[in-house]
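Structural characterization, general
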Amino acid sequence: MNSKQKIDRRSFLGRGGAAASVLMGATKALTAARNESGEGLVVETGSGKIRGVVIDKVYAFKGVPYGASTAGAGRFMPPVKPQPWTEIKDTTQIGHRSPQQHGILEPLPEVGATDRQNPMGEDCLVVNVWSNGLKGSRKRPVMVWLHGGGFASGSGDYSIYDGANMARKRDVVVVTVNHRLNVFGYLYLADVGGAKYADASNAGHRDIVLALEWVRDNIANFGGDPANVTIFGQSGGGGKVATLMAMPAAKGLFHRAICQSGASIKGMSRENATKTAQGLLTKLNLKPDQLDQLQNMPFDQLTEAIKGVGGLAPVVDGKTLPHDPFDPGAPEESATVPLLIGTVEEEINFFAGTPLDPIDDASLHTRVKQTTRTDDATADRLIAVYKKGRPNKSNVEIYQIIASDVTFSGSVHTEADRKVAQGRAPVYKYYFTWQSTAREGKLRSFHTLEIPFVFENVDEGKSMTGSGQDRYALSDKMSAAWTAFARTGNPNVKGLPHWPAFTADQRATMIFNDESKLVNDPYKEERLAIAALTSVGRGRG
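This is a predicted model, so every value here is computed, not measured. (Residues numbered from 1 in each chain as written. Predicted model: local features only at pLDDT ≥ 70, side-chain atom pairs only at ≥ 80, totals over all residues. Heavy atoms only, no water.)

Some thoughts on the overall build of the chain
For the chain, the count of helices and strands is 17 helices and 14 strands. For the chain, the C-alpha radius of gyration of 23 Å lies close to 24 Å, the compact-globule estimate for 541 residues. With the principal axes as the frame, the chain shows a C-alpha extent of 70 × 60 × 55 Å. Out of the 541 residues in the chain, the part that is buried amounts to 58%. The contacts of the chain with a sequence gap of at least 6 include a subset with a gap of at least 24, amounting to 76%. Once the 63 positive and 57 negative side-chain charges of the chain are each reduced to a mean point, those two points are 2 Å apart. (Helix = DSSP H or I, 4+ residues; strand = E, 2+ residues; numbered from the N terminus. Rg over C-alpha atoms; globule rule 2.2 N^0.38 Å. Buried < 20%, exposed > 50% of the residue type's maximum accessible area, 1.4 Å probe, protein only. Contact = heavy atoms within 4.5 Å. Lys, Arg positive; Asp, Glu negative; His and termini not counted. Charge placed at Lys NZ, Arg CZ, Asp CG, Glu CD.)

Right under this line is the structure:
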């Protein structure tokens, strides 16, 4: 990161004086709320009482434990509820994020500027909750956010995930979840560790299930409706949502689902997951009967050791995840759950190595051929299809969109198609094409860009979006649509064209931009061309 980016990052995270001012404001708000309502900020949970803060009429509780520490003997194992406490626990600060490798899926500086950099630790099973009212007020829809970063990195504590604006303006309860990641969340030991480790599988997703159980058991005390819960996530978070849709333990814990730029068609096989575990043991010079040493070594030693060993993702273990999430069809476990799903136009611009400056015809051809792993003639035909459908796009934009479609859109299309074919619940499809002005507009409609619009956090995400006034109208429409879907299972709202459910023949898709529009099967020729080239995978994120 260059010096200018570092300066920009500090400006978005806030300097010392600004941080002190925010802290003083929060302290004043807390004092005022206590003066007005006494114990009104204290909420009872199944493990004990917690105290939050009120800021600008929104109740906020941060770092709320839903599970015990996963350190030591709890490492790799299914999560358990926290030990009850007797004193009132202050939950006013964000908690730990899961231990994770530095530099893995490193975000753009523009996105990294929104990362609050909460410390890592194995006592990371915490949620943040924002609500417009507490117990005794009306029941509100609950929206549980699952962060991106694949299954390897990230946290629920980025400023663009802050749920205060959504709670205040849309009268929903927003919950963000931290859970175990990478080697701590997805190392599969059930086939190498004997009886003691027979249940060491998919710990990260079992954490999320425990968080959803916490929501079911406690969210009414925060003004939420446990019978109306939406899970939503972007990139890896979208993949987490899709995986939960196939988990028997999660059935009934959520009632709607939203996948943003992420899907999960197939899980990891037990065979491949076991190879990763064996590779880690070999790298650490350990035998299967020495697995206990994995539970005792410093967590940063494990995060370093797993590098280059093999993949880590939810495993089709036959128990917690009995089958592939969306292969050969949509999962029966969530057959009646409505789905909202879509992508952004230039997803690939989030990732290092993507060209952002102009490229010539020869470079376009070479890059498309390499990305699609095809021959010269097929690459030329594919480029021609995209140039015909998008005559005003430059060479570099054509490449970015083709690479985005190959990497992301194929699995999203497949997930939507298979959910529709199941025929038990509606599907709504979107495509986000609004272009950011950040970095002189070169990032365009990049992976993650829609998040601040959904959360009504375009000012918190100004490093990503730029500072144009047009952001607010689009954010208003998108946040309204997302929360309407959470409330009723239907995203239709005032200010948007009528948005019919997605069907196999019409393929109705809402195009989100300054002027949003409903299009049936947008860029059909491109979709068919990519489908002919690519096999379905888990996607990226």
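After that view of the structure, there is still more to cover.
Side note on the packing of aromatic side chains
For the coordinates displayed, the defined rule picks out 21 aromatic pairs. Plain terms: the ring middles of Phe-351 and Phe-408 are 6.0 Å apart, the flat faces sit at 25° to each other, and that makes the pair stacked. On the criterion of sequence distance, the pair formed by Phe-351 in the loop between β11 (339-344) and α11 (361-372) and Phe-408 in helix α13 (residues 395-422) is long-range, its members being 57 residues apart. Look at Phe-351 and you get buried, because its relative accessible area is 10%. Overall, the relative accessible area of 2% leaves Phe-408 in the buried class. Between Tyr-428 and Phe-485, the aromatic rings sit 6.3 Å apart at their centres with planes inclined by 80°, giving edge-to-face as the arrangement. (Phe/Tyr/Trp six-rings, centres within 6.5 Å; stacked < 30°, edge-to-face > 60°.)

Concerning the side chain of Ser-404
Looking at the element boundaries, Ser-404 is found in helix α13. In this structure, Ser-404 is in contact with Glu-345, Glu-346, Glu-347, Ile-348 and Ser-409, ignoring residues within four places of it in sequence.

Quick notes on the nonpolar core
Formed by 68 residues in total, the largest nonpolar core has its most connected members in Phe-232, Phe-432, Trp-482 and Phe-512. For this core, the element with the highest residue contribution is helix α16 (residues 470-488), accounting for eight residues. Leave out the neighbours within four places in its chain, and Trp-482 touches Met-143, Phe-232, Ile-258, Gln-260, Leu-340, Tyr-430, Val-454 and Phe-512. Counting 53 residues, the second-largest nonpolar core is a separate cluster that includes Val-43, Ile-231, Ala-263 and Val-412. (Core = buried A, V, L, I, M, F, W, Y, C linked by side-chain atoms within 4.5 Å.)

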